[in-house]
Amino acid sequence: MPPPDPCRICQATDLGPSFSAREMLHGTREAFDYIECRACGCVQIAKIPDDLARFYPDNYFSFRSHRGLDRNVIRRLVDPRRARFYFGARDAIGAVAEKISRPLDYMTWVRRAGLGLDARALDVGCGGGKTLLSMALGGFPAPQGVDPFIDETLNYRRGVTVHKQALEDFAVGRDGAFDFIMFHHSLEHLVDPLAALKIAQRLLSPRGRMLIAVPVAGSWAWEHYGADWINLDAPRHIHLLTGPAMAILAGGAGLSVIDARSTGGLSQFVGSERYRRDIPANDKRRDRDLFSARELADWRARVKTLNDEGRGDQTMFILARA
Ligand SMILES: [Zn+2]
């Protein structure tokens, strides 16, 4: 018998037994083998399918364009005031809007990264570019996105461009051009995450920061639900990282992790419970049709506890040049 392939993240050969996980986002229930590295904890698909595009149908939710948001007049008037207020300026209207509206998550991220409203942002694997449009509405200068899988390059009125390109092609001639590079639930989809981080590192300005939001193995939901964990998302999620696995990847790309926060949500419970009951994600029943009010209340409380303990099923890492 040939020796097993080493872990694709840390090269250790100490891998756990493989287990089977099913495609449940679209409910095809096709099975894929995964394996957990005992050294770095990364859970990875055992064999990378050669026809990955097949698992991203045209109606994949990330690929919509967001023309409505692009034309939203209220947001165009209010968001810059909210953003200025959030980053420390006096603005009475901004203060009220910030108080009564849903939070603009990107402001939290940018502040956590130690950057301000002048940060030049790039979102890698951004689909239709919704986050970038929101940032442009708030006043960030010409946020850019790159995603090879969208139908065509998107040029929004608000100055956002989402390039239909591979990251390596987009990167040509853009060394140091960005202060804030984001991978929002895109790194786990990549066959070679280290190669992507190396390219992104070159695009980062000297003061730049990288934000990487990914589902993480080693979390409570992974340990509890295993193959039914919603964020395993077979076979689209190639690598489910851990803190140590992220540190290894970052180091290999000339970067270091300077902050990590647990950001799991309710889906780690309701989504995983659905999969455990053989209910795919596209089933139309609502949570309250499937779960008791008491279960839902209990899970909501535990989302917060898990994040406080650093055991939620997603982590937001902030990286800087090493
Ligand atoms: Zn490993």
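Please refer to the structure placed before this passage.
Residues numbered from 1 in each chain as written. Predicted model: local features only at pLDDT ≥ 70, side-chain atom pairs only at ≥ 80, totals over all residues.

Trainee: What should I look at first to understand the overall build of the protein chain in this one?
Mentor: The helix and strand inventory of the protein chain stands at 12 helices and 12 strands. Whereas a compact globule of 322 residues would reach a radius of gyration of roughly 20 Å, the protein chain reaches 20 Å, a difference of no more than 12%. Each of the three principal axes of the protein chain carries a C-alpha extent, and together these read 65 × 50 × 40 Å. Within the protein chain, the proportion of its 322 residues that are buried is 43%. Residue pairs at least 24 apart in sequence account for 70% of intrachain contacts in the protein chain once pairs closer than 6 positions are excluded. (Helix = DSSP H or I, 4+ residues; strand = E, 2+ residues; numbered from the N terminus. Rg over C-alpha atoms; globule rule 2.2 N^0.38 Å. Buried ≥ 20, exposed ≤ 12 C-beta atoms within 10 Å, placed from the backbone. Contact = placed C-beta atoms within 7 Å.)

Trainee: Explain the pairing of strand β9 (residues 204–215) to me, please; I cannot follow it from the model alone.
Mentor: Here is the key point about a regular strand: its side chains alternate between the two faces of the sheet. Where strand β8 (residues 178–184) meets β9, 6 bridges bridge the pair, whose relative direction is parallel. The residue of β9 that forms the bridge with His184 is Ala213. Of the crossover connections in this fold, the one passing from β8 over helix α7 (residues 193–203) to the parallel β9 is right-handed. Taken together, the 6 bridges between β9 and strand β12 (residues 314–321) define a ladder with antiparallel strand orientation. Paired with Pro215 across the strands is Gln314, a residue of β12. (Pairing = 2+ DSSP bridges. Right-handed = clockwise from strand over helix to strand, strands pointing away.)

Trainee: Looking at this model, I keep getting lost on the environment of Thr315. Mind explaining?
Mentor: Within the secondary structure, Thr315 sits in strand β12. The exposure class assigned to Thr315 is buried, which follows from the 24 C-beta atoms found within 10 Å. Expressed as a C-alpha distance, the spacing of Thr315 and Arg75, which sit 240 residues apart in the sequence, is 29 Å. Residues in contact with Thr315, not counting those within four places in the same chain, are Val214, Val216, Ala260, Arg261, Ser262 and Thr263.

Trainee: Which parts of the structure should I look at to understand the sheet that holds β9?
Mentor: Two orientations exist for strands paired in a sheet by backbone hydrogen bonds: parallel and antiparallel. Taken in spatial order, the 8 strands of this open sheet run β6-β7-β5-β4-β8-β9-β12-β11, and their pairing is mixed. If you trace the sheet from one side to the other, it starts and ends with β6 (154–155) and β11 (255–262), each paired once. Along the sheet face, helix α5 (residues 130–138) touches β4 (121–124), β5 (144–146), β7 (161–163) and β8 and points at about 165° away from the line of β4. (Axes fitted to C-alpha atoms, helices over the stretch in contact; angles between N-to-C directions.)

Trainee: How do you make sense of the sheet that holds strand β3 (residues 43–45) when you look at a structure like this?
Mentor: Pairing is antiparallel in the open sheet, where 4 strands are placed in the order β1-β2-β3-β10. Each of the sheet's edge strands pairs with one partner strand only, and the pair in question is β1 (19–22) and β10 (239–240). Pairing geometry for β1 and strand β2 (residues 31–36), over 4 bridges, is antiparallel. Note on β2: the bridge partner recorded for Phe19 is Tyr34.

Trainee: Just checking my understanding: could you explain the packing of helix α2 (residues 73–86) against helix α3 (residues 92–100) for this structure?
Mentor: At their nearest, the axes of α2 and α3 sit 7 Å apart, and the two run at 95° to each other. Here α2 lies roughly perpendicular to α3, going by the angle between them. On α3, the residues that touch Val78, Arg81, Arg82, Arg84, Phe85 and Tyr86 of α2 are Ile93, Gly94, Ala95, Ala97 and Glu98. Of the residues belonging to the contact of α2 with α3, the class tally is 6 nonpolar, 1 polar and 4 charged. (Parallel < 35°, antiparallel > 145°, perpendicular 65-115°, else oblique. Nonpolar A, V, L, I, M, F, W, Y, C, P; charged D, E, K, R; others polar.)

Trainee: Just to check I follow, could you spell out unusual backbone geometry for this structure?
Mentor: Among all residues except glycine, the phi angle is most often negative; among peptide bonds, the trans geometry is most common. Of note, the bond from Ala234 into Pro235 is cis; its omega dihedral lies within 30 degrees of zero at -5°. Locating Pro235 in the fold gives a position in the loop between α8 (220–225) and β10. A positive phi angle, near 40°, is found at Ala142, a position not held by glycine. Within the secondary structure, Ala142 is located in the loop between α5 and β5. A positive phi is found at His185, a non-glycine position, where the angle reads about 50°. Along the polypeptide, His185 turns up in the loop between β8 and α7.

Trainee: Explanation requested: α5 in the structure shown.
Mentor: Think of an α-helix as turning once every 3.6 residues; residues three or four places apart then point the same way. With respect to burial, α5 is a largely interior element, 9 of its 9 residues being buried. Within the sequence span of α5, burial applies to Lys130, Thr131, Leu132, Leu133, Ser134, Met135, Ala136, Leu137 and Gly138. Just downstream of α5, Gly139 is the residue with a positive phi angle, here 115°.

Trainee: I would appreciate a short explanation of the environment of Asp58 in the present structure.
Mentor: The topology assignment puts Asp58 in the loop between β3 and α1 (67–70). Judged by the 6 C-beta atoms lying within 10 Å of it, Asp58 falls in the exposed class. Taking the C-alpha atoms as reference points, Asp58 and Phe149, 91 residues apart in sequence, are found 9.5 Å from one another.

Trainee: Whenever I open this one, the environment of Ala297 confuses me. Can you help?
Mentor: Mapped onto the elements of the fold, Ala297 is located in helix α12 (residues 293–309). Overall, Ala297 belongs to the exposed group, with 11 C-beta atoms counted inside 10 Å. Spatially, the C-alpha atoms of Ala297 and Gly271 are 15 Å apart, while their sequence positions differ by 26 residues.

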